[in-house]
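# Fold and contact review
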Amino acid sequence: MADRSAEPVTGNSEAIAAAFADGPAYVPYLVVGDPDYESSMAYVEALDRGGADVIELGLPFSEPIAEGSTIQEALVRSLDAGMTPERFFAFAEEVDVDAALVCMTYYNLIYQYGDETGPRPFVERAAAAGIQGLVVPDLPAEEADPLREACDEFGLDLVFIVAPTTRGDRLDRMMENVSGYVYVQARLGTTGARDDVSDQTTESLDRLREYDVPKAVGFGISSGEHAERIVAGGADGIIVGSALVDVVADGVENDLSTEEVADRLEALSRELKDGAERGYRSRTEPVESA
């Protein structure tokens with residue numbers, strides 16, 4: 001493995017690099033196929049209209065260890081509706097968005113895909129479908145070399161999730177392998193929308209400051225106010241999943257139309273994007289003297 005610690009981490013994907021180049025990136029997440037293929041298409045396109053810079057597409061797996069109940073239930077709805085890796089790739093090829101697409105899934109699906117053992121067939125197919133990067137919550141940094149090599153071969157970024165407790169050699173190993181952006185976990189535990197912003201966020205950002213890669217904060221963000229505070233505190237972007245999946249779940253529970261749910265997702269996306277931009281301005285624009 002090449003030693004990347006002494007050089008800037010620019011990433012493989014020009015689209016992801018561009019998303020973080022001018023101001024904060026808004027990175028929403030939805031489970032593909034939740035609650036069905038056609039509705040999911042409309043919902044992802046609504047995120048794009050709402051200002052998404054990168055969209056994380058969840059490929060469902062039956063044992064999602066990093067997810068809270070909100071996203072677990074979305075994964076079950078997607079699997080029940082017939083989502084498979086091949087349908088996921090077809091979705092990525094069909095969806096009409098400007099944002100860069102990143103696949104978030106678990107290593108078992110990646111490793112077992114195709115006729116050849118190992119991650120290369122999955123990465124090759126993902127690249128062909130227009131996927132720009134991968135987030136793999138259960139992949140230890142110590143075992144990431146084969147996937148990173150495949151990502152380098154086909155031009156995808158490999159995004160790692162850094163927890164508040166990640167330090168020392170393990171953190172260094174992650175940051176040697178990461179590209180595109182690092183997913184900064186704002187708090188301990190599983191995913192899920194929260195009513196407050198954790199103090200662990202600032203501590204995590206401070207710990208990562210020396211690494212030359214964009215830092216996007218996720219886990220618990222649910223409002224424009226949250227987004228503003230996190231970006232004002234030094235984040236290069238925000239990642240929002242459960243708050244958006246909650247909108248989809250509410251639509252299912254209350255039998256709302258696809259159009260109504262899409263409108264709600266677009267409106268919440270605009271709120272989150274606007275909040276991130278306010279936070280960025282407060283951090284970068286000079287304060288006028290009285």
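In this text, all values refer to a predicted model and were calculated from it rather than measured experimentally.

### With respect to the sheet that holds strand β1 (residues 25-31)
Backbone hydrogen bonds hold the strands of a sheet together, and the pairing may be parallel or antiparallel. As summarised here, the arrangement of the nine strands in space is β5-β4-β3-β2-β1-β9-β8-β7-β6, forming an open sheet in which the pairing is parallel. Two strands in the sheet have a free side with no partner beyond their single neighbour: β5 (157-159) and β6 (161-162). As paired strands, strand β2 (residues 54-58) and strand β3 (residues 100-104) are joined by five bridges and run parallel to one another. Along β3, the bridge assignment pairs Leu 57 with Cys 103. Sitting on the sheet, helix α11 (residues 242-253) touches β1 and β9 (237-240), and the angle it makes with β1 is about 40°.

### Structural notes on the confidence of the model for the protein chain
Confidence along the protein chain averages 89 in pLDDT terms, with 89% of residues attaining 70 or more. Across residues 1-9, confidence stays below pLDDT 50; counting only partners more than four residues off in sequence or on other chains, it has 15 contacts. Per-residue pLDDT stays below 50 along residues 188-198; that stretch engages in 37 contacts with residues further than four places along the chain or on separate chains.

### With respect to helix α9 (residues 200-208)
Listed in full, the buried residues belonging to α9 are Thr 201, Ser 204, Leu 205, Arg 207 and Leu 208. All buried residues of α9 project into a common sector of 160° when viewed along the axis, lining one side. Contacts from the buried residues of α9 go to β6, α8 (168-177), β7 (182-185), β8 (215-218) and α10 (224-232).

### Here's the deal with the nonpolar core
Ranked by size, the top nonpolar core spans 98 residues in total, and within it Ile 131, Leu 134, Leu 147, Tyr 181, Ile 238 and Leu 265 carry the most contacts. Excluding its chain neighbours within four sequence positions, the residues that come into contact with Leu 147 are Tyr 107, Ile 110, Pro 119, Val 123, Leu 134, Val 136, Leu 139 and Leu 158.

### Section: the packing of helix α2 (residues 37-49) against helix α4 (residues 85-94)
Where α2 meets α4, the axes come as close as 11 Å, and the angle between the chain directions of the two elements is 40°. With respect to α4, the element α2 is oriented oblique. Considering how the two elements wind past one another, α2 and α4 form a crossing that is right-handed. When α2 is examined against α4, the residues Tyr 37, Ser 40, Met 41 and Val 44 are found in contact with a partner set consisting of Arg 87, Ala 90, Phe 91 and Glu 94. Of the residues that constitute the contact of α2 with α4, the class distribution is five nonpolar, one polar and two charged.

### Thoughts on the pairing of β7
Taken residue by residue, a regular strand's side chains alternate between the two faces of the sheet. Of the two faces of β7, both are covered, the one formed by Val 182 and Val 184 as well as the one formed by Tyr 183 and Gln 185. The pairing of β6 with β7 spans two bridges and is parallel. Looking across to β7, one finds that Val 162 is bridged to Val 184. As for the winding sense of the linkage, the β-α-β connection from β6 through α8 to β7 is right-handed. Across four bridges, the pairing between β7 and β8 is parallel.

### Things to note about the side chain of Asp 34
Relative to the assigned elements, Asp 34 resides in the loop between β1 and α2. Residue class for Asp 34 comes out buried when judged on its relative accessible area of 3%. One polar contact links Asp 34 to Arg 77, side chain to side chain, over a distance of 2.6 Å. The residues touching Asp 34, leaving out its near neighbours within four places in the chain, are Ser 40, Tyr 43, Ala 74, Arg 77, Ser 78, Val 245 and Val 248.

Parameters at a glance
Along each chain, residues carry numbers from 1 onward, in the same order as the chain's sequence is written. Owing to the predicted nature of the model, reporting of local features is limited to residues with pLDDT of at least 70; listing and counting of side-chain atom pairs is limited to 80 or more, with chain, interface and lining totals taken over all residues. Only hydrogens and water are set aside; all other atoms, that is, all heavy atoms of the structure, feed into the side-chain values. When DSSP finds two or more bridges between a pair of strands, those strands are recorded as paired. The helix and strand labels rest on DSSP assignments: H or I over at least four residues marks a helix, E over at least two residues marks a strand, and numbering proceeds from the N terminus. Contacts were defined at the residue level, with two residues in contact if any of their heavy atoms lie within 4.5 Å. Axis definition: a line fitted to C-alpha atoms, over the contacting stretch in the case of helices. Angles run 0 to 180 degrees between N-to-C directions. A residue's pLDDT is simply how confident the predictor is in it, with values from 0 to 100. Relative accessibility under 20% of the residue-type maximum defines a buried residue, over 50% an exposed one, and the middle range a partly exposed one, all with a 1.4 Å probe and only protein chains included. Regarding the arc, it is the one traced by the directions from the helix axis to the C-beta atoms. What makes a nonpolar core is a set of buried Ala, Val, Leu, Ile, Met, Phe, Trp, Tyr and Cys residues whose side-chain atoms join them at distances within 4.5 Å. Our angle categories are set so that under 35 degrees counts as roughly parallel, over 145 as roughly antiparallel, 65 to 115 as roughly perpendicular, and the remainder as oblique. Whether a crossing is left-handed or right-handed is set by the direction in which the near helix is turned from the far one by less than a right angle, anticlockwise for left-handed and clockwise for right-handed. Following the grouping adopted for this structure description, the nonpolar residues are Ala, Val, Leu, Ile, Met, Phe, Trp, Tyr, Cys and Pro, the charged ones are Asp, Glu, Lys and Arg, and the polar ones are all others, Gly among them. We call a crossover right-handed when, viewed with the strands running away from us, the connection from the first strand over the helix to the second turns clockwise. Any pair of nitrogen or oxygen atoms within 3.5 Å is treated as a polar contact; in protein, a donor-acceptor pairing is required on top of that, and neighbouring residues in sequence qualify only through side-chain atoms on both sides.

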